[in-house]
Amino acid sequence: MSVSIKIQHAVKKFGENTVIPDLSLTVREGEFFTLLGSSGCGKTTLLRMIAGFNTIEGGDFYFNDTRINDMPPHKRKIGMVFQNYAIFPHMSTFENVAFGLREHHVREPELSRRVNEILDTVQISELRDRMPRNMSGGQQQRIALARAIVIEPDVLLMDEPLSNLDAKLRVEMRTAIKRIQNACKITTIYVTHDQEEALAISDRIAIMRKGVIQQVGTPIEVYQHPVNLFVATFIGQSTLMDGEVVYRNGHAFVRLFDGTLLSMPGLQEGLPEQEPLILCIRPNEMQFAVEGLHAQVVERVFFGDTIRYTLRLHNGQMLEMKQDIHMPIRQIGEDVGVQLHADVINAFRKTDETSVMKKAVMA
Ligand SMILES: Nc1ncnc2c1ncn2[C@@H]1O[C@H](COP(=O)(O)OP(=O)(O)OP(=O)(O)O)[C@@H](O)[C@H]1O
Ligand SMILES: [Mg+2]
């Protein structure tokens, strides 16, 4: 059975040090939910509170309507997968996966049936009798995953499970994890500091900073409509540019450093004249044009399907741009015009870095 997870006003302290001041969160039944944030922001700490390995200094944790604060870890029906696999080196694949079932007093023939079924699901049936030391990192991680889900947990917790794998295997394994989670629909909390991984794998993402959740949303929501500058710069790569609000004939524009007036249809109504803003411009949110900002190409990197340009604007600022390979290719040193896609660019108040866009609402 899968459960919903509700956390209300969680507090975590290590001695005098408050790592999580007041955190509330709901993960839906069967959801693939990701905690995303930089090192030290409290992701593992929160996961360990859910698992029962950390004390809880405040707040309430629920699985469905059951408060679990005082429930011992082994009663919480949790499967866990860690970065360092934590599989037994002296046991075969089969025995590693069977271990948890034996603990739960599952006997033959059901034991073999369930182990074989899970090995099939994670696609390592052919490694059934092999010892882990003779396997690749990805194969070992599949064993760890199989071992976590074979006990049919209510909740699956994964803490950076792919960070020890090389880039190509990481992409393969995240697709596999997503597929397996989709098939068994276990409520999953996945921890990563890799934003691309989070976007690719999650139903919803919570972006954390210093123990505080900044935004919760689908990958598309947090990418397109970040609530503050932290989220905007954490997700995706971007160039920041100053601007200010000006009104012409009752219509709001954003004025850039060179006097360019940008008409941004997504801006909130009623922003004060001269409000200082920071624009967060992604590499794909602009195009070369005859009109627009004047710039010079200073760097060009080929990425296969795209080319990434570094452009220097007249005020000396650098602008990162990405363009489809099929577009005309620009030369280093070339003078170019750049038109910003004002309908998709996000803007934030310079004062408190919150979004001034209509659609960026905290979920
Ligand atoms: N047992 C502990 N005792 C004291 N402080 C701790 C303990 N565990 C974690 N911390 C502190 O709590 C904060 C959050 O740590 P945590 O391990 O949750 O971060 P994280 O987001 O998982 O980071 P990473 O991406 O590096 O794994 C850090 O400042 C860390 O030093
Ligand atoms: Mg961690």
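These numbers come from a predicted model, not from an experiment. (Residues numbered from 1 in each chain as written. Chains lettered and ligands numbered in written order. Predicted model: local features only at pLDDT ≥ 70, side-chain atom pairs only at ≥ 80, totals over all residues.)

## Regarding the overall build of the protein
So the rule is basically this: Strands here mean DSSP runs of E at least two residues long; helices mean DSSP runs of H or I at least four residues long; both are numbered from the N terminus. Field definition: a residue is buried when 20 or more other C-beta atoms are found within 10 Å of its C-beta, exposed when 12 or fewer are, and partly exposed for counts in between, with C-beta atoms placed from the backbone. Our contact criterion uses C-beta atoms placed from the backbone: two residues qualify when those atoms are within 7 Å.
From N to C terminus, the protein includes eight helices and 19 strands. With the principal axes as the frame, the protein shows a C-alpha extent of 75 × 45 × 35 Å. For the protein, the residues scored as buried account for 35% of the 363 residues in total. In the protein, the share of contacts with a sequence separation of at least 24, taken over all contacts with a separation of at least 6, comes to 67%.

## Digging into the domain arrangement of the protein
How big an interface is tends to be stated in terms of accessible area lost as the parts join. This is how it is decided: Where a domain begins and ends is set by an automatic assignment or by a domain database. Three classes are used, and their members are as follows: Ala, Val, Leu, Ile, Met, Phe, Trp, Tyr, Cys and Pro are nonpolar, Asp, Glu, Lys and Arg are charged, and the others, Gly among them, are polar.
Segmenting the protein into domains produces domain 1 (5–232) and domain 2 (237–349). Centre-to-centre separation of domain 1 and domain 2, based on C-alpha positions: 39 Å. Residue-level contacts link four residues of domain 1 with five residues of domain 2. A per-class count over the side of domain 1 that touches domain 2 returns three nonpolar, one polar and no charged.

## Things to note about the sheet that holds strand S7 (residues 155–159)
For clarity, the threshold we go by: Any two strands are treated as partners once DSSP identifies two or more bridges connecting them. In this analysis, axes come from line fits to C-alpha atoms, helices being fitted only over the stretch in contact, and the angle between any two N-to-C directions falls in the range 0 to 180 degrees.
One open sheet accounts for six strands, arranged S6-S7-S8-S3-S9-S10; its pairing is mixed. Single-partner strands in this sheet number two, and they are strand S6 (78–81) and strand S10 (212–217). Along the sheet, successive strands turn relative to each other by an average axial angle of 15°, direction set aside. As defined by bridge partners, S7 adjoins strand S8 (residues 187–192) across five bridges and the pair is classed as parallel. In the sheet register, Val155 faces S8, and the bridge partner there is Thr187.

## Examining the sheet that holds strand S15 (residues 286–302)
Read from one edge to the other, the open sheet built from four strands follows the order S17-S16-S15-S18, with strand pairing classed as antiparallel. Two strands bound the open sheet, and with one partner strand each, they are strand S17 (318–324) and strand S18 (335–340). Looking at each pair of strands side by side, their axes are set apart by 55° on average, direction ignored. Pairing analysis gives seven bridges linking strand S16 (residues 306–313) to S17, with the strands arranged antiparallel. Counted as the bridge partner of Thr310 is Glu320 from S17.

## What about the pairing of S10?
Each regular strand shows side chains that alternate between the opposite faces of the sheet. In this structure, strand S9 (residues 204–209) lies alongside S10, joined through five bridges in antiparallel fashion. Across the sheet, the residue bridging to Arg209 is Val212, located in S10.

## A short note on the packing of helix H2 (residues 93–103) against helix H4 (residues 137–150)
The cut-off we apply is this: Each angle gets one of four labels, with under 35 degrees taken as roughly parallel, over 145 as roughly antiparallel, 65 to 115 as roughly perpendicular, and the rest as oblique. Less than a right angle of anticlockwise turn of the near helix away from the far helix marks a crossing as left-handed, whereas a clockwise turn marks it as right-handed.
At a minimum axis distance of 8 Å, the contact between H2 and H4 shows a crossing angle of 25°. In terms of their interaxial angle, H2 and H4 are classed as roughly parallel. Remark: the crossing between H2 and H4 carries right-handed chirality. Touching Thr93, Asn96, Val97, Phe99, Gly100 and Leu101 of H2 are Ile143, Ala146, Arg147 and Val150, all from H4. Here the contact of H2 with H4 is built from residues that sort into six nonpolar, three polar and one charged.

## So, the site of ligand 1
Here is the rule: For each residue, a C-beta atom is positioned from the backbone; the residue is called near a molecule or strand if that atom sits within 6 Å of it.
Inspection of the region around ligand 1 gives Phe14, Val19, Gly37, Ser39, Gly40, Cys41, Gly42, Lys43, Thr44, Thr45 and His193 as its neighbouring residues. Looking at the shell around ligand 1 element by element, the count peaks at three residues for helix H1 (residues 43–51).

## Section: the nonpolar core
The cut-off we apply is this: To form a nonpolar core, buried Ala, Val, Leu, Ile, Met, Phe, Trp, Tyr and Cys residues must be joined through C-beta atoms within 7 Å.
Formed by 87 residues in total, the largest nonpolar core has its most connected members in Val97, Leu145, Ala146, Leu157 and Ala347. Sorting elements by how many residues they give to this core places H4 first, with seven residues. Both of domain 1 (5–232) and domain 2 (237–349) provide at least three residues apiece to this core. Contacts of Leu145, omitting those with residues within four sequence positions, involve Val81, Val122, Ile177 and Ile180.

## Regarding the packing of helix H3 (residues 110–121) against H4
H4 packs onto H3 with a crossing angle of 135° between their chain directions and a minimal axis gap of 10 Å. Classed by the angle they form, the pair H3 and H4 counts as oblique. Along this stretch, H3 crosses H4, giving a crossing that reads as right-handed. Here Arg114, Val115, Ile118 and Leu119 of H3 come into contact with H4, specifically with Ala146, Ile149 and Val150. The residue makeup of the contact of H3 with H4, split by class, is six nonpolar, no polar and one charged.

## Some remarks on unusual backbone geometry
Here the residue pair Glu108 and Pro109 is connected by a cis peptide bond, since its omega of 0° sits within 30 degrees of zero. Within the secondary structure, Pro109 sits in the loop between H2 and H3. Non-glycine residue Asn249 carries a positive phi angle of around 50°. For Gln274, which is not a glycine, the phi torsion comes out positive at approximately 70°. Structurally, Gln274 is set in the loop between strand S13 (261–262) and strand S14 (276–281). By the C-beta count within 10 Å, which is 10 here, Gln274 ends up exposed.

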